[in-house]
Amino acid sequence: MRKSCLIYVFCILFIESLLSQELPPKKMPRLIDFGLEIGWLSNSSRLYHVFYQDQDLSDIVVKNKVGYEASVFFRLKAANLFVQPMLSLSQTRESIQFSIPQDKDVLQRVELDLATNALNFSFLAGYNIIYEQQHLFNLYAGPNIEYVFSTQYKSPSALIFETHIHTSSIQGIVGISASSNRLLLDFRYRFGFSKKEMNLSKELGAPDYLTDVKFKKRDNIVSVSVGFLF
């Protein structure tokens, strides 16, 4: 009986000593991440119009080309939710062909390569579907303000001229991203709410045959980016 009591008391003291030990502090998830991204983008589809002397041209051929984008951002997290302001520099590229009427029955075929340079400010809100210490997978959406500061117009062989007509537009963004051990992979779709207009008659330096040309378009841009979270 005494032996059983001693064993019982010893077990109680042993359990109490284990419970009284301090547990190692649990590592708290970071509340703020900073990141850098570089990526490639392309216009997936658009509503495109070319006007010559206010006449809507019909024989338009548009070919998409791969552009680039570089971004910096920070991400403020709260449980599974986050907000992410982002600033990026982008260049979209495209090739367009159209015919300009010269005389009654004469058309001049024009081929241009356009490279549009812009600054973008996005404010994104997202939700983490997978939220672990080393792995994240999330969905996000938000508005984007695009500020175009220059557009280069090239023929197939040389630079024709560069415009500095500054325009801005509001766009929407939806996307998904995944990260593992601070590496980030991002898929993003950016769509315009309104048409953008480029009137070459307002730009000095445009060749004579383009001074009566005006473009109207609505961009829908798909991008793929890789990055790193700090």
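Data block above holds the structure.
How each quantity is defined
Residues numbered from 1 in each chain as written. Predicted model: local features only at pLDDT ≥ 70, side-chain atom pairs only at ≥ 80, totals over all residues. Heavy atoms only, no water. Helix = DSSP H or I, 4+ residues; strand = E, 2+ residues; numbered from the N terminus. Buried < 20%, exposed > 50% of the residue type's maximum accessible area, 1.4 Å probe, protein only. Contact = heavy atoms within 4.5 Å. Areas by Shrake-Rupley, 256 points an atom, 1.4 Å probe, with all protein chains shown as cover. Salt bridge = Lys/Arg side-chain N within 4 Å of Asp/Glu carboxyl O. 1 Å grid on protein atoms, 1.4 Å probe; cavity = no way out; pocket = protein on both sides within 12 Å on 5 of 7 lines; lining within 4 Å. Points joined across faces, edges and corners; volume = space filled by probe spheres on them. Nonpolar A, V, L, I, M, F, W, Y, C, P; charged D, E, K, R; others polar. Pairing = 2+ DSSP bridges. Phe/Tyr/Trp six-rings, centres within 6.5 Å; stacked < 30°, edge-to-face > 60°. Lys NZ or Arg CZ within 6 Å of the ring centre and 35° of its normal. Core = buried A, V, L, I, M, F, W, Y, C linked by side-chain atoms within 4.5 Å.

**With respect to the overall build of the chain**
Thinking step 1. Along its length, the chain carries 1 helix and 11 strands.
Thinking step 2. Its helices and strands taken in sequence order, the chain reads α-β-β-β-β-β-β-β-β-β-β-β from the N to the C terminus.
Thinking step 3. In the chain, which comprises 230 residues, the share counted as buried stands at 39%.
Thinking step 4. In the chain, the proportion of contacts linking residues at least 24 apart, taken out of those at least 6 apart, comes to 68%.
Thinking step 5. Accessible surface for the chain amounts to roughly 13600 Å². Of this, 64% is attributable to carbon and sulfur atoms.

**A few points about the pattern of salt bridges**
Thinking step 1. Applying the stated criterion across every chain, the model contains 15 salt bridges.
Thinking step 2. We note a salt bridge from Glu 94 to Lys 217, for which the minimum N-O separation is 2.8 Å. Within this pair, whereas Glu 94 is found in strand E4 (residues 81-101), its partner Lys 217 is found in strand E11 (residues 213-229), the two being separated by 123 residues in sequence.
Thinking step 3. Of the charged contacts, one joins Asp 219 and Lys 217 as a salt bridge, the two residues approaching to 3.9 Å between their closest N and O atoms.
Thinking step 4. Accessibility expressed as a relative area gives 2% for Lys 217, which makes it buried.
Thinking step 5. Bridged by salt links that share partners, the residues Glu 37, Glu 69, Glu 94, Glu 146, Asp 186, Arg 188, Arg 190, Lys 196, Lys 217 and Asp 219 form one connected network.

**Considerations on empty space enclosed by the protein**
Thinking step 1. The final tally for this structure, using the stated rule, is 3 cavities of 30 Å³ or more.
Thinking step 2. Computed from the structure, the largest cavity encloses a volume of approximately 120 Å³.
Thinking step 3. Taken together, Thr 116, Val 148, Thr 151, Tyr 153, Thr 163, Ile 165, Thr 167, Lys 196, Glu 197, Met 198 and Lys 217 make up the full set of residues lining the largest cavity.
Thinking step 4. Elements supplying a minimum of two residues to the lining of the largest cavity: strand E6 (135-154) and strand E10 (196-199).
Thinking step 5. In terms of residue class, the lining of the largest cavity is made up of 4 nonpolar, 4 polar and 3 charged.
Thinking step 6. Those elements that provide at least two residues to the lining of the second largest cavity are strand E8 (167-180) and E11.
Thinking step 7. By residue class, the composition of the lining of the second largest cavity is 2 nonpolar, 4 polar and 4 charged.

**Some thoughts on the pairing of strand E3 (residues 61-78)**
The two faces of a sheet get side chains in turn, since along a regular strand they alternate between them.
Thinking step 1. Judged from the 14 bridges that link them, E3 and E4 form a sheet pairing that is antiparallel. The residue bridging Ala 70 from the neighbouring strand is Leu 89, located in E4.

**Notes on the packing of aromatic side chains**
Thinking step 1. Inspection of the entire model under this criterion finds 7 aromatic pairs.
Thinking step 2. Relative to Phe 215, the ring of Tyr 48 lies with its centre 6.3 Å away and its plane at 90°, an arrangement referred to as edge-to-face. Of this pair, Tyr 48 sits in strand E1 (residues 32-52) while Phe 215 sits in strand E11, placing them 167 residues apart in sequence.
Thinking step 3. In this structure Tyr 48 comes out as buried when scored by relative accessible area, which is 10%.
Thinking step 4. Residue Phe 215 is classed as buried on the basis of its relative accessible area, which comes to 0%.
Thinking step 5. Ring plane angle 70° and centroid distance 5.1 Å describe the contact between Phe 228 and Phe 230, whose orientation is recorded as edge-to-face.
Thinking step 6. Residue classification places Phe 230 among the partly exposed residues on the basis of a relative accessible area of 45%.
Thinking step 7. Through a chain of ring-to-ring contacts, the aromatic side chains of Tyr 48, Phe 98, Tyr 153 and Phe 215 assemble into a single cluster.
Thinking step 8. Above the ring of Phe 51, the side-chain terminus of Lys 214 is found at 5.7 Å from the ring centroid.

**A short note on the nonpolar core**
Thinking step 1. Counting residues in each nonpolar core, the largest one holds 18 residues, and the members touching the most others are Phe 98, Leu 112, Leu 210, Val 213 and Phe 215.
Thinking step 2. Where this core is concerned, the elements lending two or more residues are E1, E4, strand E5 (107-131) and E11.
Thinking step 3. What Leu 112 contacts, discounting residues up to four positions off in sequence, is Glu 94, Ser 95, Ile 96, Phe 98, Tyr 153, Lys 154, Ile 160, Leu 210 and Phe 215.

**A word on the environment of Tyr 68**
Thinking step 1. In this structure, Tyr 68 sits in strand E3.
Thinking step 2. Sequence separation between Tyr 68 and Ser 225 is 157 residues; the distance between their C-alpha atoms is 9.3 Å.
Thinking step 3. Not counting residues up to four positions away in its chain, the partners in contact with Tyr 68 are Gly 39, Trp 40, Leu 41, Leu 89, Ser 90, Gln 91 and Asn 117.

**Some thoughts on unusual backbone geometry**
Thinking step 1. With a phi close to 65°, Asp 54 is a non-glycine residue in the positive phi region.
Thinking step 2. For Asp 54, the position within the fold is in the loop between E1 and strand E2 (55-56).
Thinking step 3. Judged by its relative accessible area of 65%, Asp 54 falls in the exposed class.
Thinking step 4. Positive phi is not limited to glycine here, since Asn 181 has a value of about 55°.
Thinking step 5. Position of Asn 181 relative to the elements: it lies in the loop between E8 and strand E9 (183-192).

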